[in-house]
Amino acid sequence: MSGAPRPSKRPGKIRRFLDRFSTEDEPVEDEPTRNDTAGCTRICDCGDRQIVKVTGTLRSVTLRPRAGVPALEAELFDGSASLDVVWLGRRAIAGVEPGRTLIASGRVAMNRGRPVLFNPKYELRSLGQE
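These notes cover the structure that comes with them. Remember, it's a predicted structure, so these values are computed and weren't measured experimentally.

Notes on the nonpolar core
At step 1: Ranked by size, the top nonpolar core spans 17 residues in total, and within it V54, L76, L83, W87 and L117 carry the most contacts.
At step 2: If you list the elements that add at least two residues to this core, you get β1 (51-63), β2 (71-77), β3 (82-88) and β4 (101-111).
At step 3: In this view, L76 contacts I43, V54, T55, G56, T57, L58, A81, S82, L83, V85 and L102; residues no more than four positions away in its chain are not counted.

If you want it as structure tokens, here you go:
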């Protein structure tokens, strides 16, 4: 055996398959993410009292009572801005947890200068689609 370098082999099927899911230029949390859902509005373009459909990643989920009523509150981030999503009367919703991708639709309200969706229609994206 000589010390000469061996020519590089072509990667196997499994390595090529796994390489499709990991790229060197993955989006950073604060960079705008690709919005592959048609018909969605960027959060930074949402106006007061506008009916919108938005998508993004849940950054945080907290239980924050409002006027003595339980309220599940989540921060939705799409790369352009963030929006609060509030479900009144709910203590928890299965699958609503930080890191999940969510599509929500409803009427935007401004609360203390931040856009909020109260009791929106929502769709959780499956873990394989994120």
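Considering the environment of A92
At step 1: Here A92 shows up in the loop between β3 and β4.
At step 2: In this structure A92 comes out as exposed when scored by relative accessible area, which is 55%.

Considerations on the pattern of salt bridges
Two side chains with opposite charge may pair up if their charged atoms get near one another.
At step 1: Applying the stated criterion across every chain yields a total of six salt bridges.
At step 2: Among the ionic pairs, D45 bridges to R42, the shortest N-O distance being 3.9 Å.
At step 3: When its relative accessible area of 48% is taken as the criterion, D45 is described as partly exposed.
At step 4: Close ionic contact of E75 with R59 constitutes a salt bridge, the shortest N to O distance being 3.6 Å. Of this pair, E75 sits in strand β2 while R59 sits in strand β1; the two residues are 16 residues apart in sequence, bridging distant segments of the chain.
At step 5: Among the residues examined, E75 registers a relative accessible area of 19% and is labelled buried.

Quick word on the pairing of β3
At step 1: For β3, the buried fraction is high: six of the seven residues fall into the buried class.
At step 2: Two elements, β2 and β3, share seven bridges in a ladder whose sense is antiparallel. Residue pairing across strands places E73 opposite V86, the latter belonging to β3.
At step 3: Hairpin connection from β2 to β3: four residues lie between these consecutive antiparallel strands, with G79 at a positive phi of about 105°.
At step 4: In terms of strand pairing, β3 meets strand β5 (residues 114-118) through three bridges, oriented parallel. The partner of D84 across the bridge, within β5, is V116.

The rules behind the values
- Residues numbered from 1 in each chain as written.
- Predicted model: local features only at pLDDT ≥ 70, side-chain atom pairs only at ≥ 80, totals over all residues.
- Heavy atoms only, no water.
- Core = buried A, V, L, I, M, F, W, Y, C linked by side-chain atoms within 4.5 Å.
- Buried < 20%, exposed > 50% of the residue type's maximum accessible area, 1.4 Å probe, protein only.
- Helix = DSSP H or I, 4+ residues; strand = E, 2+ residues; numbered from the N terminus.
- Contact = heavy atoms within 4.5 Å.
- Salt bridge = Lys/Arg side-chain N within 4 Å of Asp/Glu carboxyl O.
- Pairing = 2+ DSSP bridges.

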